[in-house]
Amino acid sequence: YSLDTYAISPAVDVTNYSVMSVTGKITWMNYILTAYVGLSETPEGEFAARAGFSNMNETTVDVDISALSGLYYFSTENAELSITDGILILNNSNYRVAISQIKFS
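Source: prediction; values computed, not measured.

Q: Tell me about unusual backbone geometry, and name the residues and values.
A: Among all residues except glycine, the phi angle is most often negative; among peptide bonds, the trans geometry is most common. Cis geometry is adopted by the peptide bond preceding Pro-10, which originates at Ser-9 and carries an omega value of 0 degrees. Mapped onto the elements of the fold, Pro-10 is located in strand β2 (residues 7-13). Although it is not a glycine, Asn-78 sits at a positive phi angle of roughly 55 degrees. Examined against the element boundaries, Asn-78 turns out to sit in the loop between β7 (71-76) and β8 (80-84). The phi dihedral of Asp-85 is positive, around 50 degrees, even though this residue is not glycine. Secondary-structure assignment places Asp-85 in the loop between β8 and β9 (87-91).

Here it is, written out as structure tokens:
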């Protein structure tokens, strides 16, 4: 897999999965907010399913994706992606989110 500006490529076929579990935390923020990650049909598209992180503690968010089938990108909204020490980092001017695990089941 590789990183585009806002998504991980290539897209993932989620047809045989019903849950997306995302483990992560906000590591820095200017004010209290919720940062979202999720699945979209294009790298910069609308979320078809999303998980939100709004506190500094590592949390696992489970998202029902049973209604989805076909190819989807794991993407973010208005945050540039990078990888540091095996952690997916989402950076924007208001927050930084660290995603340690993305699991489909």
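Q: Provide a residue-level description of the side chain of Ser-21, including the pertinent values.
A: Here Ser-21 shows up in strand β3 (residues 19-29). Residue classification places Ser-21 among the buried positions, given a relative accessible area of 11%. Polar contacts involving the side chain of Ser-21 include one to the side chain of Asp-62, which spans 2.5 Å.

Q: Outline the pairing of β3, supporting the account with residue identities and numerical values.
A: In the sheet, β3 pairs with strand β6 (residues 59-64) via 6 bridges, with the strands oriented antiparallel. By the bridge assignment, Gly-24 is partnered in β6 with Thr-59. The sheet contact formed by β3 and strand β10 (residues 95-104) spans 9 bridges and is antiparallel. From the neighbouring strand, Ile-26 faces β10, where its bridge partner is Val-97.

What counts, and where the lines are drawn
- Residues numbered from 1 in each chain as written.
- Predicted model: local features only at pLDDT ≥ 70, side-chain atom pairs only at ≥ 80, totals over all residues.
- Heavy atoms only, no water.
- Helix = DSSP H or I, 4+ residues; strand = E, 2+ residues; numbered from the N terminus.
- Buried < 20%, exposed > 50% of the residue type's maximum accessible area, 1.4 Å probe, protein only.
- Polar contact = N/O pair within 3.5 Å; in protein donor to acceptor, adjacent residues only side chain to side chain.
- Pairing = 2+ DSSP bridges.

Geometric values such as these leave the question of function open.
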